[in-house]
Amino acid sequence: MAYRPNDYECGYDESRFKNAVDENFRCAICLNVMKDARMCHNQHSFCRKCIEEHLRVNAQRCPQCQDNLTVAALLPSRVINNLISKFKVSCDYAIRGCKECINVEDLERHVENCGFAPVLCSNERCDKEINKRDKIKHETELCKYRKIPSHDFAEIKEMFQQSSKDQVKMSIDKLNVKMEQVKAEIDKKLVDVCGLSTKIHKEMMESKGEIRNIQQ
Ligand SMILES: [Zn+2]
Ligand SMILES: [Zn+2]
Ligand SMILES: [Zn+2]
Ligand SMILES: [Zn+2]
């Protein structure tokens, strides 16, 4: 019985492919769709990990043609790899909720950045595994070990908003007082001006009377 590496190192499970995959793309060792295929000189292809492990653990022969074979003699199965690279496959984290369907060639990059990748909560004592995209929300709002509970955040926010409101109100009050003062001053000056003009008017009338008297 040939050595079977664990699932993690094996090819892609056929159930992950959007369309049915031809038999020729299966690895004869893990029976999955080939991942990074390598072949013997008779063009028998296998996943790179599968065939390297077989040559290391079982025998230095091709599992299909039984010809002598070493890791150094393996050749990349370019045609097979190119064809598989365009197949649509589900994300490694589909089981965690990712709905993406990606070309095999883009899978690695997607998986690295996938928001459904598992990460651990960084709060002390919490060992919960969460989706990468939920990390911040969990750590700051949902986690029962979060450093500052969310209602405190709300209170601080409210206090801050209140204090800035108070400051604005204080400034407006001060401005109102100042305006009242300015208004009062203007009124006083106006009264003065009026008083002055009345006085001038009165003096003018008196002068006119005097002139008339003189004329008479
Ligand atoms: Zn394989
Ligand atoms: Zn062979
Ligand atoms: Zn994903
Ligand atoms: Zn947590």
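For the structure itself, consult the block above.
Worth saying up front: this structure is predicted, and the values here are computed from it rather than measured.

Rules of the game
Residues numbered from 1 in each chain as written. Chains lettered and ligands numbered in written order. Predicted model: local features only at pLDDT ≥ 70, side-chain atom pairs only at ≥ 80, totals over all residues. Heavy atoms only, no water. Helix = DSSP H or I, 4+ residues; strand = E, 2+ residues; numbered from the N terminus. Buried < 20%, exposed > 50% of the residue type's maximum accessible area, 1.4 Å probe, protein only. Contact = heavy atoms within 4.5 Å. Areas by Shrake-Rupley, 256 points an atom, 1.4 Å probe, with all protein chains shown as cover. Donors = N, O, S within 2.8 Å, 3.2 Å for Na, K, Ca; no water. Tetrahedral: all angles 85-135°; square planar, octahedral: opposite > 155°, others 65-115°. Pairing = 2+ DSSP bridges. Phe/Tyr/Trp six-rings, centres within 6.5 Å; stacked < 30°, edge-to-face > 60°. Salt bridge = Lys/Arg side-chain N within 4 Å of Asp/Glu carboxyl O. Core = buried A, V, L, I, M, F, W, Y, C linked by side-chain atoms within 4.5 Å. Arc of directions from axis to C-beta. Patch = residues over 30% accessible without salt bridge, like charges linked within 9 Å, V, L, I, M, F, W, Y side chains within 5 Å.

Caption draft 1: Molecular detail of the overall build of the protein. Regarding its fold elements, the protein presents five helices and seven strands. Each helix (α) and strand (β) of the protein, taken in turn from the N terminus, gives the series β-β-α-β-α-β-β-α-β-β-α-α. Counting the 216 residues in the protein, one finds 26% classified as buried. Long-range pairs, those at least 24 residues apart, make up 30% of the contacts in the protein with a sequence separation of at least 6. A total of about 16100 Å² of accessible surface is found on the protein, and carbon and sulfur atoms cover 54% of it.

Caption draft 2: The arrangement of the coordination of the zinc ion (ligand 4) in detail. Each protein donor to the zinc ion (ligand 4) is listed here as Cys121 (SG), Cys126 (SG), His138 (NE2) and Cys143 (SG); together their distances run 2.1 to 2.4 Å. Considering all four donor atoms around the zinc ion (ligand 4), angles at the metal cover 102 to 122 degrees and the coordination shape is tetrahedral. Along the chain, the residues that donate to the zinc ion (ligand 4) are spaced as C-x4-C-x11-H-x4-C. Grouping residues by exposure puts histidine 138 and cysteine 143 together as buried.

Caption draft 3: Highlighting the sheet that holds strand β3 (residues 75–76). Here we have three strands laid out as an open sheet, ordered β2-β1-β3, and antiparallel in their pairing. Looking along the sheet, the strands with just one partner apiece sit at the ends: β2 (45–47) and β3. For strand β1 (residues 37–39) and β3, the ladder comprises two bridges, and the chain directions are antiparallel. In the strand pairing of β3, methionine 39 is matched with leucine 75.

Caption draft 4: Focus on the packing of aromatic side chains. Throughout the structure, instances matching the rule amount to three aromatic pairs. Residues tyrosine 12 and phenylalanine 17 carry aromatic rings whose centres are separated by 6.1 Å and whose planes lie at 80 degrees to one another, so their mutual orientation is edge-to-face. The class for tyrosine 12 is buried, based on a relative accessible area of 11%. Classification of phenylalanine 17 by relative accessible area gives buried; the value is 8%.

Caption draft 5: Representation of the pattern of salt bridges. Counted under the stated rule, the structure contains 12 salt bridges. Here aspartate 36 and arginine 38 are joined by a salt bridge, their closest N and O atoms 2.9 Å apart. For aspartate 36, a relative accessible area of 35% puts it in the partly exposed group. Note that glutamate 105 and lysine 86 form a salt bridge whose closest N and O atoms lie 2.8 Å from each other.

Caption draft 6: Spotlight on the coordination of the zinc ion (ligand 1). Distances from the zinc ion (ligand 1) to its protein donors, namely Cys27 (SG), Cys30 (SG), Cys47 (SG) and Cys50 (SG), fall within the range 2.3 to 2.4 Å. Classification of the site at the zinc ion (ligand 1) rests on its four donor atoms, whose angles at the metal span 105 to 115 degrees, yielding the label tetrahedral. For cysteine 27, a relative accessible area of 1% corresponds to the buried category.

Caption draft 7: Up close: the nonpolar core. Phe17, Cys27, Val33, Cys50, Ile51, Leu69 and Ile84 are the most contacted members of the largest nonpolar core, which totals 31 residues. Elements supplying a minimum of two residues to this core: β2, α1 (48–57), α2 (78–85) and α3 (104–113). When neighbours within four sequence positions are excluded, leucine 69 is seen to be in contact with Cys40, Ile51, Leu55, Gln60, Arg61, Cys62 and Leu74.

Caption draft 8: A look at α2. Buried within α2 are the following residues: Ile80, Ile84 and Ser85. Along the axis of α2, the buried residues cluster in a sector spanning 130 degrees; they form a single face. In α2, the exposed positions that point more than 90 degrees away from the buried face belong to Arg78, Val79 and Asn82.

Caption draft 9: How the structure looks around a nonpolar patch on the surface. Where nonpolar side chains cluster on the molecular surface, the patch consists of Val182, Ile186 and Leu190 and spans about 260 Å² of accessible area. Tracing the backbone through its elements, the reader meets leucine 190 in helix α5 (residues 150–215). Take leucine 190: its relative accessible area is 46%, and that puts it in the partly exposed class.

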